[in-house]
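Spelled out, the chains give:
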Amino acid sequence: MRIFVTGGAGYIGSICVEELLNAGHEVTVFDNLSKGHRDAVDPRAKFVNGDLADAEGTRQALRAAAPDAVMPFAASSLVPESMVYPSKYFQNNVANGINLLDAMVDCGVKRIVFSSSCALFGAPDRVPMTEELPVKPLSPYGQSKAMFEQMLRWYDQIHGIQYVNLRYFNAAGASQRFGEDHRPETHLIPNVLAVALGKKDQVEIYGTDYMTPDGTCVRDYIHILDLASAHILALQSRQSVSYNLGSGDGYTVKQVVEACRRVTGLPIPAIERPRRPGDPPKLVASSKKIASELGWKPKFPKLTDIVASAWAWHRAHPDGYRE
Ligand code: UDP
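Note that this is a predicted model, so its numbers are computed, not measured.

J.: Please give an account of the overall build of the chain that cites residues and values.
T.: Looking only at helices and strands, the chain has 10 helices and 13 strands in total. For a compact globule of 323 residues, the expected C-alpha radius of gyration is about 20 Å, and the chain comes in at 19 Å, within 12% of that figure. With the principal axes as the frame, the chain shows a C-alpha extent of 55 × 40 × 40 Å. Per-residue burial for the chain yields a buried fraction of 54% across its 323 residues. Put simply, of all contacts in the chain between residues at least 6 apart along the chain, 80% involve residues at least 24 apart. The distance from the centre of the 35 positive side-chain charges to the centre of the 35 negative ones in the chain is 2 Å.

J.: Account for unusual backbone geometry, naming residues and giving values.
T.: A cis amide bond links Val127 with the next residue in sequence, Pro128, at an omega value of -5 degrees. Relative to the elements of secondary structure, Pro128 occurs in the loop between β5 (111-117) and α5 (140-159). Arg183 connects to Pro184 through a cis peptide bond whose omega is 0 degrees. Mapped onto the elements of the fold, Pro184 is located in the loop between β7 (170-172) and α6 (188-196). The residue Leu33 is not glycine, and still its phi comes out positive at about 55 degrees. Following the sequence through the fold, Leu33 ends up in the loop between β2 (26-31) and β3 (46-49). Its identity as a non-glycine residue notwithstanding, Ile268 has a phi of 50 degrees, on the positive side. Looking at the secondary structure, you find Ile268 in the loop between α8 (253-264) and β13 (270-273).

J.: Lay out the pairing of strand β1 (residues 2-6) in plain terms, naming residues and giving numbers.
T.: Within β1, 4 of the 5 residues are buried, which leaves the element mostly enclosed by the surrounding structure. Strand direction decides the pairing type here: β1 and β2, joined by 5 bridges, are parallel. By the bridge assignment, Thr6 is partnered in β2 with Phe30. As for the winding sense of the linkage, the β-α-β connection from β1 through helix α1 (residues 11-22) to β2 is right-handed. The pairing of β1 with strand β4 (residues 69-72) spans 4 bridges and is parallel.

J.: Any details on the site of the ligand? Residues and values, ideally.
T.: Residues in contact with the ligand amount to 14 residues; listed here are only the nearest, Leu188, Glu204, Arg219, Arg276 and Asp279. Contact between the ligand and Asn170: an oxygen atom at 3.0 Å from a side-chain N or O atom of the residue. Between the ligand and Asp279, the relevant distance is 2.6 Å, taken from an oxygen atom to a side-chain nitrogen or oxygen of the residue. Protein contact buries 91% of the 520 Å² of open area that the ligand shows by itself. Elements that contribute at least two residues to the shell around the ligand include exactly α6 and β8 (203-206).

Cut-off values and rules
- Every chain begins its residue count from 1, and numbering advances along the sequence as written.
- The model is predicted, so local features are restricted to residues of pLDDT at least 70 and side-chain atom pairs to those at 80 or more, both for listing and for counting; the totals for chains, interfaces and linings are taken over all residues.
- With hydrogens and water excluded, all non-hydrogen atoms of the structure serve as input to the side-chain values.
- A run of DSSP states H or I qualifies as a helix once it reaches four residues; a run of E qualifies as a strand once it reaches two. Both are numbered from the N-terminal end.
- Computation of the radius of gyration draws on C-alpha atoms alone. For the globule rule, the value is 2.2 Å times the number of residues to the power 0.38.
- Per-residue accessibility, obtained with a 1.4 Å probe over protein chains only, is compared with the maximum for each type, and a residue is labelled buried under 20%, exposed over 50%, and partly exposed between these values.
- In what follows, a contact means two residues having at least one pair of non-hydrogen atoms within 4.5 Å.
- Charge counting treats Lys and Arg as positive and Asp and Glu as negative, with His and both chain ends excluded.
- To locate a charge, take atom NZ for lysine, CZ for arginine, CG for aspartate or CD for glutamate.
- At least two bridges found by DSSP between two strands are what make those strands a pair.
- A clockwise path from the first strand over the helix to the second, with the strands pointing away from the viewer, defines a right-handed crossover.
- Only heavy atoms are used to decide nearness, and a residue is near a molecule or strand if one of them lies within 4 Å of it.
- Identification of polar contacts relies on pairs of N or O atoms within 3.5 Å, with a donor-acceptor requirement for protein atoms, meaning one able to donate a hydrogen and the other able to accept it, and with residues adjacent in sequence counted only if both atoms are side-chain atoms.
- For the area figures, the Shrake-Rupley method with a 1.4 Å probe applies, and any residue is considered shielded solely by the protein chains shown.

Dropping the structure here:
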């Protein structure tokens, strides 16, 4: 298939592009390089430097690519930042997303695999989290993902655009070639590994008074290659549907730090800090639905394998991508 990928120079986008190409698909990457890196774009993909805020440019690029499906990874994705700058999240993730959807309508592109997030559930009252849980986001980031999903329902009903919403839990790890390079980095695993690399003195643990086994937040870390394989399977879906996507195991922040110590063999000092605004205490996926309907099965569910792949990439690229 021909796939139009926005944000294909970013962390998740770049590795999904690599895996789409490995699976024999043709890919056009559309990215404004505001956060992504040119070197993260697989050379087998066609690259268009463009911005979703530019409705006409987006439409032209989509028309030229004439794709069978769109995969939008371009979005702002930091819960804490969204708690300070909500406008950025509604602008980038909702308003610019409307430009993409309208370009799809104009160009007759009928399928989308959407990068959604478990953040739209807020703080669920039970885990593992199934798709039926109420949508109650705790941050503008989660709200922006919920709004885009709601829009997709109407674009399906009115314009016949078939969607698959993939609600990611915590994407982590690397492929052999591409990895995580956010500036600034806010995510847990790369921040812990930055300490291991000697780039930071200590890792900060945000919040130790949650109602969890050791008081720190529980998250479900999914290997980026397993996340990519779900996108490829989603292309086969012929119905509009939402899937939760995680490995199904929850780890506390302290357990993640411990796993990083084991994988790297380094002490990795940690310091306890207050809670970070917008963080739900416990997010663990039930991925039963995507497993039974699309046959998705994680190849790398073990946290130490996920951390080991990230560690290999960061050691090979201690300063990330070239600017
Ligand atoms: N976290 C932390 N120290 C860090 C980065 C993150 O303690 O340097 C915590 C964060 O508060 C959350 C968990 O690790 O409880 C996962 O955060 P991350 O930003 O990686 O992903 P999120 O769950 O926010 O998407």
